[in-house]
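For reference, the chains in residue letters:
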Amino acid sequence: MQLVKAEVVVTSPDRNFVTLRLETDEGIVGLGDATLNGRELAVVAYLEEHVVPLLIGRDAARIEDTWQFLYRSAYWRRGPVTMAAIAAVDVALWDIKAKAAGMPLYQLLGGASRNGLLAYGHASGKELPELFDSIREHQEKGFRAVRVQTGVPGLKSIYGIASNATYDGGRYDHEPAQRGDLPAEEDWDTRSYLRHVPTVFEAVRHEFGPELPLLHDSHHRLTPIQAARLGKSLEPYDLFWLEDVTPAENQEALRLVRQHTTTPLAIGEIFNSVWDYQTIIREQLIDYVRSAVTHTGGITHLKKVLDYASQYQIKSGMHGPTDISPVGLAAQMHLGLAIHNFGIQEYMQHGARTDEVFRQSFTFIDGLLHPGHEPGLGVELDLEQAAKYEYQRAYLPFNRLADGTVHDW
């Protein structure tokens, strides 16, 4: 099969999505997610101006060869824009190959290693009553594990609290790339956060008991010694994981964190290659790999990262909020179903308009995701619906300290 058409589709039903649509001379269509939250058009330009001209006439079956060609021929390797573009091509080619074979993609990756994928949802609240209500709502939806994000006394608006923002008049339960010409400014105080968070988890455990898996995201905001303190203070509450405790570009910093806490660590949603993980996997400084298929070179590359991690008993925890499109989420479900060292899958439900643009075959039953049994990814793009929603500029927020210093968000 040869690739005869490549099209980049930008649509914004509930948020901006970038989808690569590849078509073969046999009429088989494959989809890949190229969404880079808050910087979507950078990947659009990379694909349209540099990658699409290289794809026409290529053998759609040569996935590894195409991956290596796009990575090595660019010379300027890695980076979120490059790796998101490569990921879109890679996933679309896997979609085509599985459709040609007449089977769901996970079958080509070795078949299912489990019946379904344990998923966690995002519970949040400015104060405990709102947080407790949010946890109960997630349990009612079937979630068996929840991420807990809390407001901090004295801070007006911080990461992860859905009720801090509104969308169409309601809670903004999607990841907060808010539409507008400028990013929203939020505030931050580390000492207040470190004092407050352990009291929240104590209250949650008292209310919901010891069995519910609880997760928490520090979102890169702490220094290594602050991260170590937080991990240690949360040990009595038996977290499933503590995520992104410190900016992980400084991989050596995690050695200090490990020395002081046994709380499991999840790192890597902003990583985009195996080279970002080399030290922290080899030295067993993390417990879960947080990368998304969409941002880490696709199924081909992320599977290599997870195979490497499996040698050290490190599991997957693939990034999966709503800035991963249904195409990217489906790719992660197929990969997670096939690998042995699956840990948990982040899952935020997309909005109704997004579900109209991307028709999906996956299921979420009793807390478990399954990609379904349709050939390929199990996702179809409705071009007519997609055309209704034009791109709208959107930015992720940023933080300032009380003295005006810009801080990690």
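- As annotated in an unreviewed UniProt entry, the protein carries the name D-galactonate dehydratase family protein and comes from Kineosporia mesophila.

### Quick notes on the packing of aromatic side chains
And step 1. Scanning the model with the defined rule gives 16 aromatic pairs in all.
And step 2. For the ring pair Y120 and W241, a centre distance of 5.5 Å and an interplane angle of 80 degrees mean the geometry is edge-to-face. You can see Y120 sitting in strand β4 (residues 117–125) and its partner W241 sitting in strand β11 (residues 241–243), a full 121 residues away along the chain.
And step 3. Residue Y120 is classed as buried on the basis of its relative accessible area of 0%.
And step 4. Arranged with centres 6.0 Å apart and planes meeting at 80 degrees, the rings of Y347 and F362 form a pair that is edge-to-face. A residue pair is termed long-range when its members are at least 10 positions apart, and Y347 in the loop between β15 (345–346) and α12 (352–357) and F362 in the loop between β16 (358–360) and β17 (363–365) qualify at 15 residues.
And step 5. Classification of F362 as partly exposed rests on a relative accessible area of 24%.
And step 6. Of the aromatic side chains, those joined through ring pairs into one cluster are Y120, F240, W241 and Y288.
And step 7. The ring of Y193 is capped by R221, whose NZ or CZ atom sits 5.3 Å from the centre of that ring.
And step 8. Sitting above the plane of the W67 ring, K304 keeps its charged end 5.9 Å from the centroid.

### Looking at helix α9 (residues 274–282)
And step 1. Those residues of α9 that fall on the buried side of the exposure criterion are V274, D276, Y277, T279, I280 and I281.
And step 2. Contact partners of the buried residues in α9: α8 (253–260), β12 (265–267), β13 (288–289) and α10 (298–310).
And step 3. Of the residues that open α9, the one with a side-chain oxygen 3.1 Å from the backbone nitrogen of W275 is S273.
And step 4. Where α9 ends, the next residue or the one after it, Q284, has phi of about 55 degrees, a positive value.

Definitions and limits used
- Residues numbered from 1 in each chain as written.
- Predicted model: local features only at pLDDT ≥ 70, side-chain atom pairs only at ≥ 80, totals over all residues.
- Heavy atoms only, no water.
- Phe/Tyr/Trp six-rings, centres within 6.5 Å; stacked < 30°, edge-to-face > 60°.
- Helix = DSSP H or I, 4+ residues; strand = E, 2+ residues; numbered from the N terminus.
- Buried < 20%, exposed > 50% of the residue type's maximum accessible area, 1.4 Å probe, protein only.
- Lys NZ or Arg CZ within 6 Å of the ring centre and 35° of its normal.
- Contact = heavy atoms within 4.5 Å.
- Polar contact = N/O pair within 3.5 Å; in protein donor to acceptor, adjacent residues only side chain to side chain.

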